[in-house]
Amino acid sequence: MSTQQASLALPVRPTGIDPGASARKGDDVRILVIEDEARIANDIRESLNAAGYVSEVSRDGEDGWYRGDSESFDAVVLDLGLPVLDGITILKRWRSAGR
């Protein structure tokens, strides 16, 4: 049996600073995680939240594409090998729509 390990280094957002320092004045930075492996998605989400980011998870490509197209996120963590709709297709759709 093989095991996989990944690490994610994120800058920690300092607290108690000028609200204009965030990506959108006074708002939290929202990150969409599109990942079908539950353990990996949860690890990424927990790491992002611990670093002070607000993260939400989509478990398949179709849902992730729709959410990224219809909601406002500051960044996306995108798995390329997703069920229903792969990550490359999602990225192509967003780019062709100017997102």
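Residues numbered from 1 in each chain as written. Predicted model: local features only at pLDDT ≥ 70, side-chain atom pairs only at ≥ 80, totals over all residues. Heavy atoms only, no water.

1. Focus on unusual backbone geometry
Peptide bonds are, in most cases, trans, and in most cases residues other than glycine have a negative phi.
And then number 1: The phi torsion at Val84 lies on the positive side, around 75°, for a residue other than glycine.
And then number 2: Residue Val84 is classed as exposed on the basis of its relative accessible area, which comes to 66%. (Buried < 20%, exposed > 50% of the residue type's maximum accessible area, 1.4 Å probe, protein only.)

2. Some points on the environment of Leu32
And then number 1: In this fold, Leu32 is placed in strand 1 (residues 30-34).
And then number 2: Since its relative accessible area comes to 0%, Leu32 is described here as buried.
And then number 3: Sequence separation between Leu32 and Asp74 is 42 residues, and the spatial gap between their C-alpha atoms is 8.1 Å.
And then number 4: The residues touching Leu32, leaving out its near neighbours within four places in the chain, are Glu56, Ser58, Gly64, Arg67, Gly68, Phe73, Ala75, Val76 and Val77. (Helix = DSSP H or I, 4+ residues; strand = E, 2+ residues; numbered from the N terminus. Contact = heavy atoms within 4.5 Å.)

3. Examining the pattern of salt bridges
And then number 1: One pass over the structure, following the stated rule, counts six salt bridges.
And then number 2: A salt bridge links Asp43 to Arg39; the nearest nitrogen and oxygen atoms lie 3.7 Å apart. Taken together, the positions of Asp43 and Arg39, both in helix 1 (residues 38-50) and four residues apart, correspond to about one turn of that helix.
And then number 3: A salt bridge links Asp69 to Arg99; its shortest N-O distance comes to 3.7 Å. In this pair, Asp69 is assigned in helix 2 (residues 61-70) and Arg99 in the segment after helix 3 (87-96), connecting sequence segments 30 residues apart. (Salt bridge = Lys/Arg side-chain N within 4 Å of Asp/Glu carboxyl O.)

4. Considerations on the side chain of Glu35
And then number 1: In this fold, Glu35 is placed in the loop between strand 1 and helix 1.
And then number 2: In this structure, Glu35 is buried with no salt-bridge partner, the nearest side chain bearing the opposite charge being Arg59 at 7.1 Å.
And then number 3: At 2.9 Å, the side chain of Glu35 and the backbone nitrogen of Glu37 are in polar contact.
And then number 4: When near neighbours in sequence (up to four residues on either side) are disregarded, Glu35 contacts Ile40, Ala41, Val57, Ser58, Arg59, Asp79 and Leu82. (Lys, Arg positive; Asp, Glu negative; His and termini not counted. Polar contact = N/O pair within 3.5 Å; in protein donor to acceptor, adjacent residues only side chain to side chain.)

5. Some thoughts on helix 2
And then number 1: Considered for burial, the residues of helix 2 that qualify are Gly61, Gly64, Arg67 and Gly68. Each buried residue of helix 2 lies within a common arc of 135° when the element is viewed along its axis, so the set occupies one face.
And then number 2: The inward-facing, buried residues of helix 2 abut strand 1, strand 2 (54-58) and helix 3.
And then number 3: Taking the backbone nitrogen of Glu62 as reference, a side-chain oxygen 3.0 Å away marks Asp60 as the first, capping residue of helix 2. (Arc of directions from axis to C-beta.)

6. Describing the sheet that holds strand 2
And then number 1: The strand order 2-1-3 describes an open sheet built from three strands, whose pairing is parallel. One side of each edge strand has no neighbouring strand; the edge strands of this open sheet are strand 2 and strand 3 (75-78). Within the sheet, the average angular offset between the axes of one strand and its neighbour, ignoring direction, is 20°.
And then number 2: The pairing of strand 1 with strand 2 spans five bridges and is parallel. (Pairing = 2+ DSSP bridges. Axes fitted to C-alpha atoms, helices over the stretch in contact; angles between N-to-C directions.)

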